[in-house]
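Each chain, written out:
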Amino acid sequence: MTERPMYLVLLADPAFTDKNLNLIHFAQENFKDQALNAVVVAPASDAAVAAYEQAGLNELDVLTYAQFSKVKVAQTAASISEFLTGQSHSVVLFGNDFGTTSIAKQVAAKLHEPLLTHINAVTAVDAGWQVQKRVYGGNLLQQLTLASDAPVLLTCDVAGVDETVSATTSAATVVKNQAVTDVVAADDVDYQALQTAVDQLEDAKVVVAGGRGMQGPDGFKLLQQLADRLHGSLGASRVAVDAGWVGKETMIGMTGKTVVPDVYIAVGISGAFQHTIGMDQSKYVIAINTDPDAAIFKLANYGIVGDGEAVVKQLLSKLKTPVTS
Amino acid sequence: MKSLVFIKSVRKLNADPQLDAQGQVNADADVGINYVDKLAIEAGLQLAGTDGSVTVASYGDPQATESTLRDGLAMGATKAVAITSDLLTDQSNQVGLGVVLAEAAQQLGDYDVILTGDQAKDDVQGCVGLRIADALQLPYFDRVNQLTLNGDQLDYQLLWEHGNVNGSTATPAVISVTDTINKPRLPSFKTKMTAKRAAIDTVDVAKLTVMDAATWKKLNGAVVAQRFVPKPERPAAKIVNYDQGSGAAIDELMATLQQQNIL
Ligand SMILES: Cc1cc2nc3c(=O)[nH]c(=O)nc-3n(C[C@H](O)[C@H](O)[C@H](O)COP(=O)(O)OP(=O)(O)OC[C@H]3O[C@@H](n4cnc5c(N)ncnc54)[C@H](O)[C@@H]3O)c2cc1C
Ligand SMILES: Nc1ncnc2c1ncn2[C@@H]1O[C@H](COP(=O)(O)O)[C@@H](O)[C@H]1O
């Protein structure tokens, strides 16, 4: 399709959850039959090569310097920009998490190249690509046709990718290692990790989320039990987080996390778009709410009109008896 | 400190946006100031001190722009500027807009910091701030969740993966604020009345001085067509009433969980 090569930017920082394979899968699903090149930035090359050489990529360029850390945004962006300046390229793909998005913005500024964010699907059109994103609180999809062969940076919403997609081109990856010698000075910043550095919510297969309708912290203890029983993670609406009933790392939505579990159970959540934008791509949605007209029922597959606490308590009592199937 | 705050009019999302035959959003909607942009104004007001100022500026449909700018004045902004330009089309809005805003900033001058919201709630692009910084060659910080004046530097805290980053920057700089940085003040009756009568300045961006033609072409020409489509319909939910006595809803819920392979 395009003459100039496409690149994926993979930031292999062991300190942060590695979503790079998801990005590779996203690219394979969306840019079918394209040769995918990747530039990996990593503190050392061995682990990076091992992680990606069998991933169905065409060429792997590994940029290494011992001090690499994603959190040094300006430094990281400078290394990527310098690499991309030297390579003719068309589309360049980044992940969509906070940190990577901030880095992508700095790269776009340094290269004076366009950046489009939150892309969740791509289709081939006559002269190039049409990319799609969710806008207006998830109510509309916006489709943008890119100029053929133009350099455009994209951050990709990889939450919905099917991780089972396997490499279509199994040709061995060509690996080029490059030690970065002229590392720019690190940003003079200080990073404070929050206590809950590792959280599973974004990758959970089951999310049990509560809102104002859970009435208080005790309601959330019940939801936590349900989440544990279903091997899932606890989520919450902003109202519940602001009230202090649960930690802010559980918040789902515009200001919080985006989750795409197999099953999302929303208890006592009204379904404001600021919340649903973070969960409406879930594969199966179960809603429990006292109000039969709650907006959340519009995007549910199964709904129970009733008191959240009572429903969850009864469900837990049934779940205590082991299920034989 | 003198702030220049870019604010956007967005439609209120209480009704589903309607599309015309070309796949464009009907413009007749009820609009208001993008929520996070109020927080950018508040941040500017807090930085202003006694001898500072806050200018709000906006590009868009003339009527919507005027009402949004008056909302900004009602919060306490000292000056309001409506930006017009023939350089943008529906397509180029996505990428070129930030450059046009940068040019407007250049014409206006007289700022120590440029503030924007982190993203507009309609198009969630989040790129306007970076484009302004790129065109004006200023440092750029996004997801800024705390901002304080420290001598002639700005100390910032920004939200990052699993934590916060603290740093400081010289001015001028471009800063995009999060929707948790502060609580925007409410306009008083008095400020609303003043805002109603205040004059609104205009700046027309007819040509670019902040960027060469080739770079502008690369940015502005990247998107050649743009349309909206409705989100795919979800099949209607099966909804049952809870009756604790019979427990039927719970049995069905258990069966559903089994069907979904999570039990
Ligand atoms: C800029 C901005 C960003 C935002 N970002 C987010 C975000 O990221 N995430 C987010 O979640 N929100 C966000 N919000 C807030 C959002 O608009 C809603 O206010 C919020 O999602 C509502 O939370 P809720 O559903 O828990 O509460 P409510 O809207 O108050 O709904 C409570 C629901 O519980 C039901 N209920 C009451 N009692 C019971 C009971 N006993 N059993 C069962 N159900 C019961 C009610 O019928 C109602 O439907 C944001 C808002 C703004 C302005
Ligand atoms: N038309 C506009 N006029 C003025 N400021 C804007 C406009 N569009 C976006 N902005 C600013 O840029 C921020 C990010 O918008 P966006 O990049 O569209 O998500 C907003 O929060 C505003 O501060």
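Our structure's up above, just so we're on the same page.
Residues numbered from 1 in each chain as written. Chains lettered and ligands numbered in written order. Predicted model: local features only at pLDDT ≥ 70, side-chain atom pairs only at ≥ 80, totals over all residues. Heavy atoms only, no water.

(A) The arrangement of the overall build of chain B in detail. Secondary structure assignment for chain B yields seven helices and 13 strands. For chain B, the proportion of its 263 residues judged to be buried stands at 54%. Long-range pairs, those at least 24 residues apart, make up 72% of the contacts in chain B with a sequence separation of at least 6. Within the structure as shown, chain B displays about 12000 Å² of accessible surface, and the carbon and sulfur contribution to it stands at 49%. Separation between the mean location of the 23 positive side-chain charges and that of the 31 negative ones in chain B comes to 4 Å. (Helix = DSSP H or I, 4+ residues; strand = E, 2+ residues; numbered from the N terminus. Buried < 20%, exposed > 50% of the residue type's maximum accessible area, 1.4 Å probe, protein only. Contact = heavy atoms within 4.5 Å. Areas by Shrake-Rupley, 256 points an atom, 1.4 Å probe, with all protein chains shown as cover. Lys, Arg positive; Asp, Glu negative; His and termini not counted. Charge placed at Lys NZ, Arg CZ, Asp CG, Glu CD.)

(B) Focus on the overall build of chain A. Counting its regular elements, chain A contains eight helices and 15 strands. For chain A, whose C-alpha radius of gyration is 22 Å, the value lies close to the compact-globule estimate of 20 Å for 325 residues. Dimensions of chain A along its principal axes, counting C-alpha atoms only, are 60 × 45 × 40 Å. The 325 residues of chain A split such that 60% are buried. Look at the contacts in chain A between residues 6 or more apart in sequence, and 62% of them connect residues 24 or more apart. Carbon together with sulfur atoms contributes 50% to the accessible area of chain A, which is approximately 12900 Å² in total. In chain A, which carries 22 positive and 34 negative side-chain charges, the distance between the mean positions of the two groups comes to 8 Å. (Rg over C-alpha atoms; globule rule 2.2 N^0.38 Å.)

(C) Quick look at the side chain of B:E161. Looking at the element boundaries, B:E161 is found in the loop between β8 (153-160) and β9 (163-170). A relative accessible area of 8% means that B:E161 is categorised as buried. One polar contact links the side chain of B:E161 to the main-chain amide nitrogen of A:G99, over a distance of 3.2 Å. Once residues within four sequence positions are removed from consideration, B:E161 is found in contact with A:F16, A:K70, A:D97, A:F98, A:G99, A:T100 and A:Y191. (Polar contact = N/O pair within 3.5 Å; in protein donor to acceptor, adjacent residues only side chain to side chain.)

(D) Structural detail: the sheet that holds strand β10 (residues 173-177) of chain B. Reading across from one edge, β10(A)-β9(B)-β8(B)-β7(B)-β10(B)-β6(B)-β1(B)-β4(B)-β5(B)-β11(B) is the order of the ten strands in this open sheet, with mixed pairing throughout. With one partner strand each, in any of the chains shown, β10 (190-193) of chain A together with β11 (201-205) of chain B form the two edges of the open sheet. For this sheet the average axis-to-axis angle between neighbouring strands, irrespective of direction, equals 30°. Seen against the sheet, helix α2 (residues 62-75) of chain B touches β4 (53-59) and β5 (79-85) of chain B and runs at an angle of roughly 155° to β5(B). Lying over the sheet, helix α3 (residues 93-108) of chain B contacts β1 (2-6), β4, β5, β6 (113-117) and β11 of chain B, oriented at roughly 120° with respect to β11(B). (Pairing = 2+ DSSP bridges. Axes fitted to C-alpha atoms, helices over the stretch in contact; angles between N-to-C directions.)

(E) The arrangement of the site of ligand 1 in detail. Taken together, 26 residues are adjacent to ligand 1, and A:R212, A:S237, A:T255, A:S270 and A:D307 come closest. The residues that come close to ligand 1 belong to more than one chain, namely chains A and B. Within the side chain of A:N289, a nitrogen or oxygen atom sits 2.7 Å from an oxygen atom of ligand 1. Taking 990 Å² as the accessible area of ligand 1 by itself, protein coverage stands at 80%. Of all the secondary-structure elements, those providing two or more residues to the shell around ligand 1 are α6 (238-242) and α7 (273-276) of chain A. Of the residues assigned to the shell around ligand 1, the class counts are six nonpolar, 15 polar and five charged. (Near = heavy atom within 4 Å. Nonpolar A, V, L, I, M, F, W, Y, C, P; charged D, E, K, R; others polar.)

(F) Highlighting the site of ligand 2. Residue and element names in this part refer to chain B. Residues in contact with ligand 2 amount to 19 residues; listed here are only the nearest, F6, D37, Y59, A120 and G126. Contact distances for ligand 2 include 2.9 Å between an oxygen atom and a backbone N or O atom of G117. A distance of 3.1 Å separates an oxygen atom of ligand 2 from a polar atom in the side chain of D123. About the coverage of ligand 2: the protein hides 98% of its 480 Å² of free accessible area. Elements represented by at least two residues in the shell around ligand 2 include exactly β4, α3 and β6. No other element matches the three residues that β4 contributes to the shell around ligand 2. In terms of residue class, the shell around ligand 2 is made up of nine nonpolar, seven polar and three charged.

(G) Broad picture of unusual backbone geometry. With an omega dihedral of -5°, the bond running from B:T171 to B:P172 counts as a cis peptide bond. With respect to the helices, strands and loops of the structure, B:P172 is situated in the loop between β9 and β10. Even without glycine at this site, A:H231 takes up a positive phi of about 55°. By the element assignment, A:H231 lies in the loop between α5 (217-229) and β12 (233-236). Even without being a glycine, B:R143 presents a positive backbone phi close to 55°. Its place among the elements puts B:R143 in strand β7 (residues 140-150). Judged by relative accessible area, which is 17%, B:R143 ranks as buried.

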